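One letter stands for each residue in the lines below.
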Amino acid sequence: PPDVEVLGRATWTFLHTAAAYYPEKPSPNQRANMLMLIRSLPVVYPCAWCAQDFGKCIAHSPPDVSSREKLSLWLCQRHNEVNEKLGKEMFDCAQVDERWKDGPAD
Ligand code: FAD
């Protein structure tokens, strides 16, 4: 079976980076494709219990694909729900661009 930690880090890296570089004003086509990507995770993510919980998570908090900033925040909050479940530290979502887009100031 896949290493759930390595898989998780790689997947969060991909998702947060995709959100960080998502358009400020996405076209209907860009929105639809991002929605499909997110909604397919509960189906294709190769960790069954992770996928199942993530499905519930997006059912109670539907993805906001309306802008780069909204999507980045939405994803940060969902990641924090997983962090909480696993007893990990909460991430400060004000730092999401610094972590995934701009890098540290200076
Ligand atoms: P990760 O949680 O992988 O985070 C990687 C890096 O992202 C961190 O070092 C930090 O710099 C940054 N980061 C942390 N929190 C945030 C945030 N909120 N917003 C932005 N950046 C952040 N594992 C399980 O054991 N059970 C599960 O049910 C489970 N469900 C998962 C569901 C999904 C959709 C995904 C993608 C992963 C899931 N995982 C699950 C894996 C788990 O979330 C971690 O990826 C894994 O435990 C490795 O954790 P880590 O401490 O290395 O950091």
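Residues numbered from 1 in each chain as written. Predicted model: local features only at pLDDT ≥ 70, side-chain atom pairs only at ≥ 80, totals over all residues. Heavy atoms only, no water.

## A short note on the state of the cysteines
Throughout the structure, instances matching the rule amount to two disulfides. Here Cys47 connects covalently by a disulfide to Cys50, the sulfurs 2.1 Å from one another. An S-S torsion of about 65° defines the bridge between Cys47 and Cys50 as right-handed. Residue Cys47 shares its accessibility class with Cys50, and that shared class is buried. Here Cys76 is linked by a disulfide to Cys93, with a sulfur-sulfur distance of 2.0 Å. As the torsion about the S-S bond is roughly -90°, the Cys76-Cys93 disulfide counts as left-handed. Residue Cys76 is located in helix α4 (residues 68-85), and its partner Cys93 is located in the loop between α4 and α5 (96-102); the two are separated by 17 residues in the primary sequence. (Disulfide = S-S within 2.5 Å. Buried < 20%, exposed > 50% of the residue type's maximum accessible area, 1.4 Å probe, protein only. Helix = DSSP H or I, 4+ residues; strand = E, 2+ residues; numbered from the N terminus.)

## What to know about helix α3 (residues 48-60)
Spanning 13 residues, α3 covers 19 Å between terminal C-alpha atoms, matching the ideal 18 Å at 1.5 Å per step. Considered for burial, the residues of α3 that qualify are Cys50, Ala51, Phe54, Cys57 and Ile58. Within α3, the buried residues cover an arc of 120° as seen down the axis, which keeps them to one side. Exposed and facing more than 90 degrees away from the buried side of α3 are Ala48, Trp49, Gln52, Lys56, Ala59 and His60. Structurally, α3 contributes buried residues whose contacts are with α1 (4-20), α2 (28-44) and α4. (Expected span 1.5 Å × (residues − 1). Arc of directions from axis to C-beta. Contact = heavy atoms within 4.5 Å.)

## Things to note about the site of the ligand
The environment of the ligand is formed by 23 residues, the closest being Arg9, Trp12, His79, Lys85 and Arg99. Separating a nitrogen atom of the ligand from a side-chain N or O atom of Trp49 is a distance of 3.4 Å. Separating a nitrogen atom of the ligand from a side-chain N or O atom of Trp100 is a distance of 3.0 Å. The protein chains hide 85% of the 950 Å² of surface that the ligand would expose on its own. Going through the elements one at a time, α1, α3, α4 and α5 are the ones with two or more residues in the shell around the ligand. Element by element, the count of residues in the shell around the ligand is highest for α1, at seven residues. Within the shell around the ligand, the residues separate by chemical class into 12 nonpolar, six polar and five charged. (Near = heavy atom within 4 Å. Polar contact = N/O pair within 3.5 Å; in protein donor to acceptor, adjacent residues only side chain to side chain. Areas by Shrake-Rupley, 256 points an atom, 1.4 Å probe, with all protein chains shown as cover. Nonpolar A, V, L, I, M, F, W, Y, C, P; charged D, E, K, R; others polar.)

## What to know about the packing of α3 against α4
At a closest axis distance of 11 Å, the pairing of α3 and α4 adopts a crossing angle of 135°. Here α4 runs oblique to α3, going by the angle between their axes. In this structure, α3 crosses over α4, and the sense of that crossing is right-handed. Contact residues: α3 offers Asp53, Phe54, Cys57, Ile58 and His60, while α4 offers Trp74, Arg78, Glu81 and Lys85. (Axes fitted to C-alpha atoms, helices over the stretch in contact; angles between N-to-C directions. Parallel < 35°, antiparallel > 145°, perpendicular 65-115°, else oblique. Left-handed = near helix turned anticlockwise from the far one by under 90°.)

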